[in-house]
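Structural overview
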Amino acid sequence: MKKTLFIIFTCVFFMFSSFSVPTQAIEGKKDASKEVAHDQKVVYITFDDGPGGKVTESMLKTLKENGVHATFFLIGSQIEYQKDLVKKIVDDGNAVGLHSYTHLRKNLYGSNANFLKEMVDCQNIIYDTTGVKTNILRFPFGCNNSFYKLNNDMIDKIHNSGLKVFEWNVDSTDGMYPSMPASKIAKRAQSKKDTAVVLMHSGFVNKNSAEALPIVIKYYKDNGYTFKTLNEDTQELYRIIKKKR
Ligand SMILES: [Zn+2]
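All of the points below concern the structure found in this document. None of these values were measured; they are calculated from a predicted model.

1. Section: the side chain of T62
Relative to the helices and strands, T62 resides in helix 3 (residues 53-66). When its relative accessible area of 8% is taken as the criterion, T62 is described as buried. Not counting residues up to four positions away in its chain, the partners in contact with T62 are L213, P214 and I217.

If you want it as structure tokens, here you go:
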């Protein structure tokens with residue numbers, strides 16, 4: 001992408017140069033593009049395990065009050081009886097992604113075909129509910145967990161199904177410890193990375209995460225981050241661990 005932009009810029013530069021546009025105008029443009037490339041810090045707040053009733057409602061309220069958006073990786077079976085809440089997630093301008101239909105490890109990781117079927121079933125119920133066809137997914141328990149390790153064959157299958165994988169690079173650990181105090185969840189969700197993909201949870205048990213969210217948003221705002229949501233054009237994020245020989 002950067003390379004393409006550079007090429008376009010170079011072409012525009014020479015095109016305009018040949019028409020003798022004042023040098024200053026060109027330089028101004030060049031400097032501005034440099035600034036964007038180097039200074040923009042981006043945070044993607046992501047929530048797994050929703051929709052989760054009052055917890056998700058509270059998070060939506062906080063996001064709205066702060067004028068920012070997040071990405072919700074949803075569980076299909078929970079959408080069945082919370083369709084209005086899922087519509088609200090989308091209507092508020094947030095992104096939605098796939099987090100399987102059952103979230104049951106033995107269903108999901110029994111075979112690659114089961115995993116893909118669960119993601120497509122989740123995609124269908126989101127589409128039927130909201131009209132949005134989302135292609136982004138997050139593996140329940142992460143793509144390298146104690147029962148499953150992502151490999152190249154599976155990545156090809158996922159890509160051939162038109163799907164993209166997003167892990168995280170900052171873990172609030174609220175999935176493992178939902179009862180942890182909000183201040184601690186918020187602390188662990190903070191990072192200094194230029195691009196932070198923050199894992200939080202929005203399930204029924206994640207009341208403390210809802211409480212932590214305003215603190216997390218404030219931290220990233222105070223530190224000059226731009227809030228973005230994941231989509232199919234975002235650079236994927238996953239890791240394939242090489243097998244030991
Ligand atoms: Zn999950």
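Structure's up, so let's keep going.
2. Things to note about helix 8 (residues 152-160)
Since the α-helix advances by 3.6 residues per turn, residues separated by three or four positions end up pointing in the same direction. Turning to helix 8, its buried residues are M154, I155 and I158. For helix 8, the angular spread of the buried residues around the axis is 100°, confining them to a single face. When the buried face of helix 8 is taken as reference, the exposed residues oriented beyond 90 degrees from it are N152 and N160. The opening residue of helix 8 is N151, an N-cap whose side-chain oxygen sits 3.3 Å from the backbone nitrogen of D153. With its phi angle positive at about 80°, G162 sits one or two positions after the end of helix 8.

3. Structural notes on the environment of M200
Turning to its location among the elements, M200 is positioned in strand 9 (residues 195-201). Take M200: its relative accessible area is 0%, and that puts it in the buried class. Sequence-wise, M200 and A212 are 12 residues apart; in three dimensions their C-alpha atoms are separated by 9.7 Å. Apart from the residues within four sequence positions on either side, M200 is in contact with I45, T46, F47, D48, S172, D174, I185, S209, A212, L213 and V216.

4. Observations regarding unusual backbone geometry
Following G50, the chain continues to P51 via a peptide bond in cis, the omega torsion being -5°. Residue placement: P51 occurs in the loop between strand 1 (41-50) and helix 3. In the Ramachandran plot, D49 falls in the positive-phi region, its phi being about 75° despite a non-glycine side chain. Looking at the element boundaries, D49 is found in strand 1. Residue class for D49 comes out buried when judged on its relative accessible area of 18%.

5. Quick look at the pattern of salt bridges
Counted under the stated rule, the structure contains eight salt bridges. For K87, the salt bridge identified is with D84, shortest N-O distance 3.8 Å. Here the residue K87 and the residue D84 both occupy positions in helix 5 (residues 83-91), the gap between them amounting to three residues, near one helical turn. Given a relative accessible area of 61%, D84 falls into the exposed group. Here D92 and K88 are joined by a salt bridge, their closest N and O atoms 3.4 Å apart. For D92, a relative accessible area of 17% puts it in the buried group. With relative accessibility at 37%, the residue K88 sits in the partly exposed group. Because the salt bridges share partners, they merge into one network encompassing K64, K88 and D92.

Cut-off values and rules
- Residues numbered from 1 in each chain as written.
- Predicted model: local features only at pLDDT ≥ 70, side-chain atom pairs only at ≥ 80, totals over all residues.
- Heavy atoms only, no water.
- Helix = DSSP H or I, 4+ residues; strand = E, 2+ residues; numbered from the N terminus.
- Buried < 20%, exposed > 50% of the residue type's maximum accessible area, 1.4 Å probe, protein only.
- Contact = heavy atoms within 4.5 Å.
- Arc of directions from axis to C-beta.
- Polar contact = N/O pair within 3.5 Å; in protein donor to acceptor, adjacent residues only side chain to side chain.
- Salt bridge = Lys/Arg side-chain N within 4 Å of Asp/Glu carboxyl O.

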